[in-house]
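Residue-level structure breakdown
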Amino acid sequence: MKDKNLEHEELTSIAYERLKLASIAVMINATILSLFLYGHVNSELLLFWYFSILPVSLLRFASSFYYQRNREIFSNKRWKQIFYALLVISSLLIGVTPFFFFVQESYQHQSILMIIIAGLTAGAISSLSSLLRAVQLFLAIALVPLILQLFLQNTLMHNSLAFLVLFYLLLLLSIAKQFNENYHAIIKSRQMYEEKNEELARSQERFEKVFKQAPLGIMIYDTDLIIREVNQEFINFLEAPREYLIGLNLNTLPDTRLLVSLKAPLDNAEGFYEGEYTTKLKRKDLWITMSTSPLRDSAHHVIGGIGIVADITQRMLTQLSFEHQASYDMLTDIPNRTTLIERINQEIIRYQRHGVIFGIMFLDLDHFKNINDSLGHGIGDKLLIEAALRLKKVVRVGDTVSRIGGDEFVVLLPDLGENEKLSATDAEHVAEKIHAILAEPFEINGHKLNITSSIGISFITKSDESADDVLKYADIAMYQAKKAGRDTTRFYKQKMDEWIKRRLGLENGLRDAIENKELEIHYQPIVEFSTSKLIGAEALLRWNSETFGNVYPDEFIPIAEESGLIITIGEWVLQNAINQFVLWQERFKEVQLKKIAVNISVHQFDNPEFLNQVDRILKSSGIKPQNLELELVESIIVKDVKIVREKMQKLRDLGVGLSIDDFGTGYSSLSYLKKLPFTTLKIDKSFVQDIQFNADDKELISIILTIAKNFNLDVVAEGVETDEQYKFLSEKMCGYMQGYYCSKPMNALSFTNLLASSEGMCEIVLNQD
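Description of the overall build of the protein chain
The secondary structure content of the protein chain amounts to 30 helices and 22 strands. In terms of C-alpha radius of gyration, the protein chain reaches 39 Å, well past the compact-globule figure of 27 Å for 769 residues. With 769 residues in all, the protein chain has 49% of them scored as buried. Long-range contacts, defined as pairs at least 24 residues apart, comprise 65% of the intrachain contacts of the protein chain with a sequence gap of at least 6. Of the side chains in the protein chain, 80 bear a positive and 98 a negative charge, and the two mean positions are spaced by 6 Å.

Written out as structure tokens, the structure reads:
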């Protein structure tokens with residue numbers, strides 16, 4: 001019974017002795033975690049947590065000193081109660097971190113949280129294993145909340161991590177138990193040696209059994225750093241034979257990074273090393289963690305050291321993988337925006353100190369969306385990967401090629417010198433190489449793809465410019481390259497910034513344009529060739545802004561589409577155009593208006609509510625469905641033909657007519673006529689305007705009219721402006737026409753007056769000889 005009490009007291013003493021380092025470790029890790037998470041979680045809660053765990057850790061630290069100096073004032077049971085009470089509080093404060101400070105949108109912050117908790121729990125094996133219940137309690141409170149939080153994320157990655165952490169918990173519990181058994185065995189052996197010399201052999205046998213079966217590598221060495229004993233786990237992870245290891249002088253290790261920790265026990269101190277290590281025999285590159293402690297004789301003289309080594313290579317590779325994922329694009333494995341910003345900031349510092357100019361190339365793949373929509377995201381992703389590889393081949397050594405999203409790449413050009421003109425020349429040379437290599441055909445899954453790129457270039461010109469500034473300027477220049485026709489390069493100029501500000505102003509103005517009654521629908525007559533009668537109109541949107549005046553549709557329609565405002569504006573146009581048409585039908589019954597044509601954008605057509613929207617407007621307006629014709633551009637129908645056909649057929653089932661706008665300008669319009677339920681074909685004005693000069697255009701229009709006849713489609717020729725154009729189309733039996741030869745687009749009042757002219761007659765007098 002006395003021996004048992006002494007054993008318990010020694011185990012408690014070990015726990016208090018190691019409490020100092022454990023408390024310091026908790027304070028350091030809490031500080032690191034707080035600094036890393038600050039600004040990403042609830043700051044008040046984080047500070048409350050930090051200033052809660054700090055005094056608890058200090059109290060534990062103080063209790064260790066107090067125990068060593070005043071051990072006799074309390075019983076061992078009382079000291080253990082104090083130890084457990086402070087441990088539980090500290091464990092709970094660590095355990096709550098996954099619930100309060102788990103940053104769901106950042107894998108980097110999640111990784112840091114997990115690494116810190118893993119580090120604290122791994123350290124607990126050394127500091128708490130003398131008290132088995134203490135280490136079990138700490139591990140459970142610290143790791144179970146993390147496991148639950150990972151499962152709550154309900155993703156494959158987080159579920160996998162949760163199982164790994166659960167396995168890690170079970171492994172630590174097993175190791176802790178082994179360590180605890182080791183402590184008991186060592187203490188028991190020491191007591192038995194002091195009490196009975198004859199029992200020493202049995203005590204050594206028990207120790208050797210535990211030593212050999214430990215799940216961690218263990219070695220024992222003397223004061224000359226000669227290895228005297230190793231266990232099987234140590235042999236296994238070094239892949240070295242026992243006879244090679246026994247007698248090995250640790251001073252001769254080629255990797256000297258371990259020596260400081262190996263020599264620490266000889267000075268009666270604890271040693272620790274965690275990091276890379278290259279083995280002597282097999283030259284294996286590993287990541288290890290090693291704890292060393294003094295080995296003493298019965299008189300407590302240091303006779304060597306004991307080292308406990310664990311192979312943490314896989315854990316570190318996982319950590320490095322997380323760090324790589326946080327810094328590199330998952331698809332192309334080139335630097336992402338975060339890494340790009342870091343490198344730009346480094347170049348800004350160089351510019352501020354030494355005046356060395358750097359450049360930013362903002363690159364966008366032209367018409368990449370069409371490839372994604374028509375061939376699928378799998379092909380698009382492979383194209384992006386191949387494009388990234390090509391970019392890396394042509395840039396200079398030291399340049400950074402990064403992907404910041406979608407089909408947008410940014411190239412950082414450092415070290416362009418101090419002369420702005422020479423810098424621009426060097427950057428343009430790189431841009432030319434990029435245009436050339438991307439223009440070469442891509443062979444992907446049997447598809448031969450041809451793409452071009454639009455490039456915007458900016459340079460740092462002021463010391464107070466930020467990374468976001470130079471990126472923004474390059475982005476603006478890239479959009480100028482697109483406006484210039486794509487497949488070209490543009491350098492940033494001040495007026496481009498004015499252009500982007502105008503664009504933002506237009507977007508903001510569009511948001512209130514309907515409420516401010518700034519939008520107006522104009523109507524261009526549609527005339528039947530055979531009767532010269534007006535049979536309908538195409539609705540065309542106009543914007544008279546209070547701030548910007550009359551804004552051309554070519555300028556504000558793309559902005560409405562990019563911002564998503566086209567959904568609301570498009571519905572407004574559809575509703576009002578139909579309502580106006582119904583009023584004209586009721587007032588001018590003798591005119592016999594047959595159709596109102598309304599243009600539909602890609603975003604409208606893709607809207608899941610579009611079909612219900614059309615059906616609702618048809619019913620509320622009272623229009624006959626066959627009087628409504630929706631004009632679709634080719635960018636709508638280049639997507640998945642099956643899905644588009646189903647949606648178009650539902651519109652046809654409502655009775656609505658469908659026309660393909662600007663026919664002939666796309667590369668595959670003819671194939672769509674076979675697959676999709678169009679009712680009308682509109683010949684693009686680019687073919688009509690040159691028929692008096694271009695025989696090819698005449699022949700092409702004749703072919704289009706023949707095709708339309710074979711498919712039983714109505715044909716509307718756009719852009720008819722001259723008598724010769726009118727006569728040619730009339731002779732070729734074209735069905736309908738639009739254009740200035742009849743009338744420009746006009747507002748609703750003017751169109752009403754047109755219908756009421758000639759005493760209500762609907763025949764339009766054309767400029768015929």
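Topic: the sheet that holds strand 6 (residues 359–365)
Taken in spatial order, the five strands line up as 7-8-6-11-12 in an open sheet, and their pairing is mixed. Only two strands of the sheet have a single partner each, and these edge strands are strand 7 (400–405) and strand 12 (489–491). Averaged over all adjacent pairs, the angle separating strand axes in this sheet is 20 degrees, with direction ignored. Relative to strand 11 (residues 453–459), helix 18 (residues 467–483) is tilted by about 145 degrees, and along the sheet it contacts strand 6, strand 8 (408–413), strand 11 and strand 12.

What about the packing of aromatic side chains?
For the coordinates displayed, the defined rule picks out 21 aromatic pairs. The interplanar angle of 80 degrees and the centroid separation of 5.7 Å between the aromatic rings of W543 and F556 together place this pair among those described as edge-to-face. With a gap of 13 residues between them, W543 in strand 14 (residues 533–545) and F556 in helix 20 (residues 553–563) connect regions that are remote in the sequence. Residues W543 and F556 agree in their burial class; the two are buried. Ring plane angle 35 degrees and centroid distance 4.5 Å describe the contact between W584 and F751, whose orientation is recorded as tilted. With a gap of 167 residues between them, W584 in helix 21 (residues 566–587) and F751 in helix 30 (residues 748–756) connect regions that are remote in the sequence. Judged by relative accessible area, F751 falls into the buried class, the value being 1%. The ring of F442 is capped by R390, whose NZ or CZ atom sits 3.5 Å from the centre of that ring.

Description of the nonpolar core
Residues I596, L628, L630 and L681 are the most contacted members of the largest nonpolar core, which totals 79 residues. Looking at which element gives the most residues to this core, the answer is helix 21, with nine residues. When residues no more than four places from it in sequence are discounted, the contact partners of L628 are L574, I578, I596, V598, V614, L618, I623, V656 and G657. Counting residues in hydrophobic clusters, the runner-up holds 58 residues, among them Y67, A162, L169 and I175.

A look at the pattern of salt bridges
Side-chain pairing between opposite charges can occur once the charged atoms of the two side chains come close. Applying the stated criterion across every chain yields a total of 22 salt bridges. A salt bridge links D399 to R396; its shortest N-O distance comes to 2.8 Å. With relative accessibility at 12%, the residue D399 sits in the buried group. Given the relative accessible area of 27%, R396 is considered partly exposed. As a salt-bridge pair, E555 and R502 come within 2.8 Å of each other at their nearest N and O atoms. With a gap of 53 residues between them, E555 in helix 20 and R502 in helix 19 (residues 494–511) connect regions that are remote in the sequence. Assessed through its relative accessible area of 26%, E555 is described here as partly exposed. Exposure remark for R502: the relative accessible area of 30% places this residue in the partly exposed category. One connected set of salt bridges, linked through shared partners, spans E538, E631, K682 and E718.

What about helix 14 (residues 337–354)?
The first and last C-alpha atoms of helix 14 sit 25 Å apart over 18 residues, in line with the 26 Å expected at 1.5 Å per residue. Regarding helix 14, the residues found buried are T339, L340, I341, I344, E347, I348 and Y351. Close packing links the buried residues of helix 14 with helix 13 (313–327), strand 6, strand 7, strand 8 and helix 18. The opening residue of helix 14, the one whose side-chain oxygen lies 3.2 Å from the backbone nitrogen of T338, is N336. Trailing helix 14 by a residue or two, G355 shows a phi angle of about 75 degrees, which is positive.

Describing a positive patch on the surface
A contiguous patch of positive charge, built from K642, R645, K674 and K675, is present on the exposed surface. Contributions of two or more residues to the positive patch are made by helix 25 (641–653) and helix 26 (669–675). Inspection of the secondary structure assignment puts R645 in helix 25.

Examining a nonpolar patch on the surface
Taken together, the side chains of F99, F100, V144, L148 and L152 make up a nonpolar region of the molecular surface, amounting to roughly 480 Å² of accessible area. Taken together, the elements giving at least two residues each to the nonpolar patch come down to helix 5 (97–100) and helix 7 (132–153). Sort the elements by how many residues they give to the nonpolar patch and helix 7 lands first, with three residues. Considering the arrangement of structural elements, one finds L148 in helix 7.

Conventions used here
- Residues numbered from 1 in each chain as written.
- Predicted model: local features only at pLDDT ≥ 70, side-chain atom pairs only at ≥ 80, totals over all residues.
- Heavy atoms only, no water.
- Helix = DSSP H or I, 4+ residues; strand = E, 2+ residues; numbered from the N terminus.
- Rg over C-alpha atoms; globule rule 2.2 N^0.38 Å.
- Buried < 20%, exposed > 50% of the residue type's maximum accessible area, 1.4 Å probe, protein only.
- Contact = heavy atoms within 4.5 Å.
- Lys, Arg positive; Asp, Glu negative; His and termini not counted.
- Charge placed at Lys NZ, Arg CZ, Asp CG, Glu CD.
- Pairing = 2+ DSSP bridges.
- Axes fitted to C-alpha atoms, helices over the stretch in contact; angles between N-to-C directions.
- Phe/Tyr/Trp six-rings, centres within 6.5 Å; stacked < 30°, edge-to-face > 60°.
- Lys NZ or Arg CZ within 6 Å of the ring centre and 35° of its normal.
- Core = buried A, V, L, I, M, F, W, Y, C linked by side-chain atoms within 4.5 Å.
- Salt bridge = Lys/Arg side-chain N within 4 Å of Asp/Glu carboxyl O.
- Expected span 1.5 Å × (residues − 1).
- Polar contact = N/O pair within 3.5 Å; in protein donor to acceptor, adjacent residues only side chain to side chain.
- Patch = residues over 30% accessible without salt bridge, like charges linked within 9 Å, V, L, I, M, F, W, Y side chains within 5 Å.
- Areas by Shrake-Rupley, 256 points an atom, 1.4 Å probe, with all protein chains shown as cover.

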